[in-house]
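Each chain, written out:
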Amino acid sequence: MSPAPSATAAAGGKVILLGEHAVVYGSPALALGLDRGATASVRLAQRTGLSLGGQHYAIDAGKLSSAEPAVALAFRALLGALGAPSVMAEASLQIPAGAGLGASAALGVALARAVVELTGGSPDVPLGEAVSRAAMVWENVFHGNASGIDTAAAEQGGCLWFTRSEGARPLAVGGAMQVSVALVEPGASTLRMVEAVAERRRADRRGVDLVIDSIADLARRARQAISLGDFTELGRLMTQNHQLLVELGVSTPGLDQACGWAIQAGALGAKLTGAGGGGCVIALVDDRTRPVVVEAWARRGLTCLEARCAATQP
Ligand code: MEV
């Protein structure tokens, strides 16, 4: 018997350089793709299921129960969005989950790409659009009101400007950009952190909207700084963005401390990245400061990753 047709795909994680949370309310944000993320392989099968992180999720086509784990609900929804037949999928992560690095979006994009590659997609919908839509359906199971920046970064990689209304656009980058990432502590759920900001906004609409507007202003200035290769200015803006995230209530003492260590070690700027409540911080570095910052974090037991972007033409 010949083996069932199969397909494999990958997608990257991301860091948010500026603009998380504000982006949920329509403000712009900037993201930088990570080389690592998720891989997925799928094959046609009699029954649908997903293996991920040592767990197997059996998905019964007929039964939909609210007790189903979120991963199973999300995979069911992703397959439904793609009109896919029964498939058996295996997925794995090369970045930590729940740390603000876009792991769930990378998984959603990798799975959607693999399914589309296997089935050929639908003749009415361009393949890229089918992947985007299915990955968003997956992501919304975890995040409720996801802006789409994580799935856009997982799909496109590189340095991106993102708004909810216009989606992602590649950014002109005026010089090689280097970002060091430290995994500080376990992260909180994005859904919970986005809801915490919404609750704060319900209690103090004017105050929270002022913070959101200030973050939007920093993001616009950061776009300009990136296009000019002015990383001193970009670093300053990132550090200011961290202070505004503190005001929004999404930082933690551990994240603040890790930012402080990076700045003391010479980073051009540092901030939490992603939803906050734990997870990762990022520091803007150069060839000279990168080893010092990484050493300062490593000395305190923090695991580090790197994200880079080469200079591009506008
Ligand atoms: C999560 O990486 C970024 C948030 O702004 C949520 C979102 O945009 O979907 C916190």
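Above this text is the structure in question.
What comes next concerns the included structure. (Residues numbered from 1 in each chain as written. Predicted model: local features only at pLDDT ≥ 70, side-chain atom pairs only at ≥ 80, totals over all residues. Heavy atoms only, no water.)

### What to know about the packing of aromatic side chains
Rules: The aromatic pairing rule takes the rings of Phe, Tyr and Trp, using the six-membered ring of Trp, and pairs them if the centres are within 6.5 Å, calling planes under 30 degrees apart stacked, those over 60 edge-to-face and the rest tilted. Numbering of helices and strands runs from the N terminus; a helix is a DSSP stretch of H or I covering at least four residues, while a strand is a stretch of E covering at least two. As a reminder, the over-ring test applies to NZ of lysine and CZ of arginine, requiring each to be within 6 Å of the ring centre and within 35 degrees of the ring normal.
In total, this model carries one aromatic pair according to the counting rule given. Between Trp138 and Phe142 the ring centres are 5.3 Å apart and the planes differ by 65 degrees, which places this aromatic pair in the edge-to-face class. Here Phe142 and Trp138 lie together in helix H3 (residues 127–143), a separation of four residues that amounts to about one turn. Positioned above the aromatic ring of Trp161 is the side chain of Arg223, whose terminal nitrogen or guanidinium carbon lies 4.2 Å from the ring centre.

### Notes on the layout of surface pockets
As a reminder of what qualifies: The method works on a 1 Å grid over the protein atoms by themselves. A cavity is a set of points holding a 1.4 Å probe that cannot get out, a pocket is an open set with protein on both sides within 12 Å along at least five of seven lines, and residues with an atom within 4 Å of a point line them. Grid points are joined across faces, edges and corners, and a volume is the space filled by probe spheres set on the points. As a working rule, the residues Ala, Val, Leu, Ile, Met, Phe, Trp, Tyr, Cys and Pro are called nonpolar, Asp, Glu, Lys and Arg charged, and the rest polar, with Gly in that last group.
Each pocket or cavity is described by its volume, and for the largest pocket that value is around 630 Å³. Ser104, Glu139, His143, Asp150 and Thr190 are the residues nearest the centre of the largest pocket, which is lined by 44 residues in total. Looking at the lining of the largest pocket residue by residue, the classes come out as 22 nonpolar, 18 polar and four charged. Lining the second largest pocket are 13 residues; nearest its centre among them are Thr48, Ile59, Asp60, Ala61 and Ser86. Looking at the lining of the second largest pocket, the elements with two or more residues in it are strand S4 (55–59) and helix H1 (70–82). Among the residues forming the lining of the second largest pocket, the class breakdown is six nonpolar, four polar and three charged.

### Here's the deal with the side chain of Thr151
To keep it simple, the criterion reads: Contact between two residues is taken to exist if any of their heavy atoms lie within 4.5 Å; hydrogens are not considered.
Tracing the backbone shows Thr151 in helix H4 (residues 149–156). Setting aside residues no more than four positions away along its own chain, Thr151 makes contact with Ala105, Val109, Ala135, Met136 and Glu139.

### Concerning the site of the ligand
Stated formally: We call a residue near a molecule or strand when any one of its heavy atoms sits within 4 Å of it. Within 3.5 Å is the distance limit for a polar contact, defined as a pair of N or O atoms, with the added protein rule that one can donate a hydrogen and the other accept it, and that residues adjacent in sequence qualify only through two side-chain atoms. Note on areas: these come from Shrake-Rupley sampling with a 1.4 Å probe, and a residue is covered only by the protein chains present in the view. Occupancy of a cavity or pocket is assigned to a molecule whenever over half of its atoms lie within 2 Å of that pocket's grid points.
Taken together, the neighbourhood of the ligand is formed by 13 residues, with Lys14, His21, Val23, Ser147 and Asp150 sitting nearest. Contact between the ligand and His21: an oxygen atom at 2.9 Å from a main-chain N or O atom of the residue. Within the side chain of Ser147, an N or O atom sits 2.6 Å from an oxygen atom of the ligand. Surface burial for the ligand is 98%, taken as the share of its 300 Å² of free accessible area covered by protein chains. Put simply, the ligand lies in the largest pocket. Only strand S1 (6–18) and H4 provide two or more residues apiece to the shell around the ligand. For the shell around the ligand, the class distribution of residues is seven nonpolar, three polar and three charged.

### Considering the pattern of salt bridges
Worth spelling out the cut-off: Within this document, salt bridges are pairs made up of a side-chain nitrogen of Lys or Arg and a carboxyl oxygen of Asp or Glu, the two lying within 4 Å of each other. Burial status follows relative accessibility: with a 1.4 Å probe on protein chains alone, a residue under 20% of its type maximum counts as buried, one over 50% as exposed, and anything between as partly exposed.
Within this structure, the stated rule accounts for 11 salt bridges. Salt-bridge contacts for Glu68 lead to Arg76; the nearest nitrogen and oxygen are separated by 2.9 Å. By relative accessible area, which is 15% here, Glu68 ends up buried. Across the pair Arg205 and Asp209 runs a salt bridge, and its minimum N-O distance is 3.4 Å. One end of the pair is Arg205 and the other is Asp209, both in helix H6 (residues 205–228) and four residues apart, which spans about a single turn. Overall, Arg205 belongs to the exposed group, its relative accessible area being 52%.

### So, the pairing of strand S5 (residues 87–93)
Going by this rule: Whether two strands pair depends on DSSP finding at least two bridges between them.
The sheet contact formed by strand S2 (residues 29–44) and S5 spans seven bridges and is antiparallel. Within S5, the residue paired with Ala38 across the bridge is Leu93. Examined bridge by bridge, strand S3 (residues 48–52) and S5 share four bridges and lie parallel to one another. Looking at the pairing, Gly49 lines up with Met88 of S5.

### Considerations on the side chain of Glu20
Here Glu20 shows up in the loop between S1 and S2. Looking at Glu20, its side chain comes within polar contact range of the side chain of Lys271, at 2.9 Å. There is a polar contact of 2.8 Å between the side chain of Glu20 and the backbone nitrogen of Gly274. Excluding anything up to four places from it in sequence, Glu20 contacts Asn241, Leu245, Lys271, Leu272, Thr273 and Gly274.

### A closer look at helix H5 (residues 190–203)
Heads up, the condition is: In this analysis, the expected span of each helix is defined as 1.5 Å times one less than the number of residues it contains. Each C-beta atom gives one direction from the helix axis, and the arc is the one those directions make.
With 14 residues, H5 should reach 20 Å at 1.5 Å per residue; the first-to-last C-alpha distance of 20 Å fits that figure. For H5, the full list of buried residues reads Met193, Val194, Val197, Ala198 and Arg201. The buried residues of H5 occupy an angular sector of 140 degrees when the element is viewed end-on, so they sit on one face. Projecting away from the buried face of H5 at angles above 90 degrees are the exposed residues Arg192, Arg202 and Ala203. Elements in contact with the buried residues of H5: H6 and helix H7 (231–248).

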